Amino acid sequence: MKVLSTVTIDRTDDFYKVVDQLNRTLKEKGLTFGFALDAKDSEKIVFTIYEV
């Protein structure tokens, strides 16, 4: 997988729903989305867009 973009944003409890919808909607276009807690700040999320 190739990383296309990464952005750090404020953590929200429902962000996984956005990532799930993006993955369901755009997987046929060769895109995958992921997120993880920021290693330095647990109040931030690192959101990544991948090309498969």
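Residues numbered from 1 in each chain as written. Predicted model: local features only at pLDDT ≥ 70, side-chain atom pairs only at ≥ 80, totals over all residues. Heavy atoms only, no water.

(A) Here's a closer look at the overall build of the protein chain. Tallying secondary structure elements over the protein chain gives 1 helix and 3 strands in all. Beginning at the N terminus, the succession of helices and strands in the protein chain can be written as β-α-β-β. Along the first, second and third principal axes, the C-alpha atoms of the protein chain reach 30 × 20 × 10 Å. Within the span of the protein chain, comprising 52 residues, buried residues form 17% of the whole. Across the protein chain, contacts joining residues at least 24 apart in sequence account for 52% of those joining residues at least 6 apart. As displayed, the protein chain has an accessible area near 4,000 Å², and 52% of this comes from carbon and sulfur atoms. Across the protein chain, the 8 positively charged side chains and the 9 negatively charged ones have centroids separated by 5 Å. (Helix = DSSP H or I, 4+ residues; strand = E, 2+ residues; numbered from the N terminus. Buried < 20%, exposed > 50% of the residue type's maximum accessible area, 1.4 Å probe, protein only. Contact = heavy atoms within 4.5 Å. Areas by Shrake-Rupley, 256 points an atom, 1.4 Å probe, with all protein chains shown as cover. Lys, Arg positive; Asp, Glu negative; His and termini not counted. Charge placed at Lys NZ, Arg CZ, Asp CG, Glu CD.)

(B) Quick peek at the pattern of salt bridges. Considering all chains together, one arrives at 3 salt bridges under this definition. A salt bridge links D10 to K44; its shortest N-O distance comes to 2.6 Å. With D10 in strand β1 (residues 2-10) and K44 in strand β3 (residues 44-51), the pair connects residues that are 34 residues apart, well separated along the chain. The class of K44 is partly exposed, set by a relative accessible area of 27%. D20 is paired through a salt bridge with R24; the nearest N and O atoms lie 2.8 Å apart. (Salt bridge = Lys/Arg side-chain N within 4 Å of Asp/Glu carboxyl O.)

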